[in-house]
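Examining the three-dimensional arrangement
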Amino acid sequence: DQQVKQNSPSLSVQEGRISILNCDYTNSMFDYFLWYKKYPAEGPTFLISISSIKDKNEDGRFTVFLNKSAKHLSLHIVPSQPGDSAVYFCAASGRGKTSYDKVIFGPGTSLSVIP
Amino acid sequence: DVKVTQSSRYLVKRTGEKVFLECVQDMDHENMFWYRQDPGLGLRLIYFSYDVKMKEKGDIPEGYSVSREKKERFSLILESASTNQTSMYLCASISGGAGTYEQYFGPGTRLTVT
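Parameters and conventions
- Residues numbered from 1 in each chain as written.
- Chains lettered and ligands numbered in written order.
- Predicted model: local features only at pLDDT ≥ 70, side-chain atom pairs only at ≥ 80, totals over all residues.
- Heavy atoms only, no water.
- Helix = DSSP H or I, 4+ residues; strand = E, 2+ residues; numbered from the N terminus.
- Polar contact = N/O pair within 3.5 Å; in protein donor to acceptor, adjacent residues only side chain to side chain.
- Contact = heavy atoms within 4.5 Å.
- Disulfide = S-S within 2.5 Å.
- Buried < 20%, exposed > 50% of the residue type's maximum accessible area, 1.4 Å probe, protein only.
- Pairing = 2+ DSSP bridges.

**Brief notes about the side chain of A:Ser49**
Residues and elements named next belong to chain A.
- With respect to the helices and strands, Ser 49 occurs in strand E5 (residues 45–51).
- Within the structure, the side chain of Ser 49 is placed 2.9 Å from the side chain of Tyr 32, a separation counted as a polar contact.
- When near neighbours in sequence (up to four residues on either side) are disregarded, Ser 49 contacts Tyr 32, Phe 33, Leu 34, Asn 57 and Val 64.

Have a look at this one:
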């Protein structure tokens with residue numbers, strides 16, 4: 001049973017518009033959430049994160065929103081650019097022996113930004 | 001810039017072969033990880049290591065072993081490769097300081113077992 005879900009395997013957005021990628025989790029013990037971006041033939045790279053004590057974190061064109069009561073987070077990209085076309089992984093971390101050994105990744109959403 | 005390198009980008013091996021995947025990081029990170037990525041399943045943790053000669057099982061350790069003899073190097077071993085181990089293998093590292101969560105990934109090794 002997946003603890004981190006990304007129910008949309010793919011998403012297409014017009015250049016300049018907003019991209020919204022969604023992520024749901026089931027384990028209320030998760031206290032830190034991350035988004036990674038992955039281009040083909042490359043490893044994932046860290047994009048943005050949010051602690052469970054916050055409900056929003058912004059970094060340039062990227063904003064992550066966290067709704068703890070709904071166990072839902074979303075990544076907003078505004079405006080979307082063709083270079084944003086990639087697979088986006090949502091990840092959640094809880095308290096294991098260390099702060100990071102329980103990072104659980106979602107299945108990913110493939111974003112295509114159409115020029 | 002943190003750099004995580006993996007010994008091969010593509011590998012093709014036969015069923016039953018012993019396979020070594022090597023990972024090296026250059027940032028003196030204490031913690032290293034091996035994941036496999038499969039379509040629709042995301043990244044699943046195979047093993048991780050928080051110190052030299054230390055290792056812990058992840059979620060899917062069956063059929064794999066690891067070795068960490070030096071801080072910068074973490075090896076994944078498939079003792080007897082099987083076709084269900086065909087996958088993308090990703091190595092990652094993290095500094096290990098309190099409150100650190102961001103992992104740095106290598107480019108991946110696409111392994112095909114025939």
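**Remarks on the state of the cysteines**
- Overall, the coordinates contain 2 disulfides over all chains when judged by the stated rule.
- The disulfide bridge from A:Cys23 ends at A:Cys90, spanning 2.0 Å between sulfur atoms. As the torsion about the S-S bond is roughly -75 degrees, the A:Cys23-A:Cys90 disulfide counts as left-handed. You can see A:Cys23 sitting in strand E3 (residues 19–25) and its partner A:Cys90 sitting in strand E9 (residues 86–93), a full 67 residues away along the chain. A:Cys90 matches A:Cys23 in its accessibility class, with the two residues each being buried.
- The disulfide bridge from B:Cys23 ends at B:Cys91, spanning 1.9 Å between sulfur atoms. Judged by the sign of its S-S torsion, about -80 degrees, the bond between B:Cys23 and B:Cys91 is left-handed. Of this pair, B:Cys23 sits in strand E3 (residues 19–25) while B:Cys91 is found in strand E9 (residues 87–94), placing the two residues 68 residues apart along the sequence. Across the pair, B:Cys91 and B:Cys23 agree in class, each one buried.

**Quick look at the pairing of strand E6 (residues 56–59) of chain A**
- Looking at chain direction, E6(A) and strand E7 (residues 62–67) of chain A are connected through 4 bridges and run antiparallel. Pairing of A:Lys56 across the sheet is with A:Phe65, part of E7(A).

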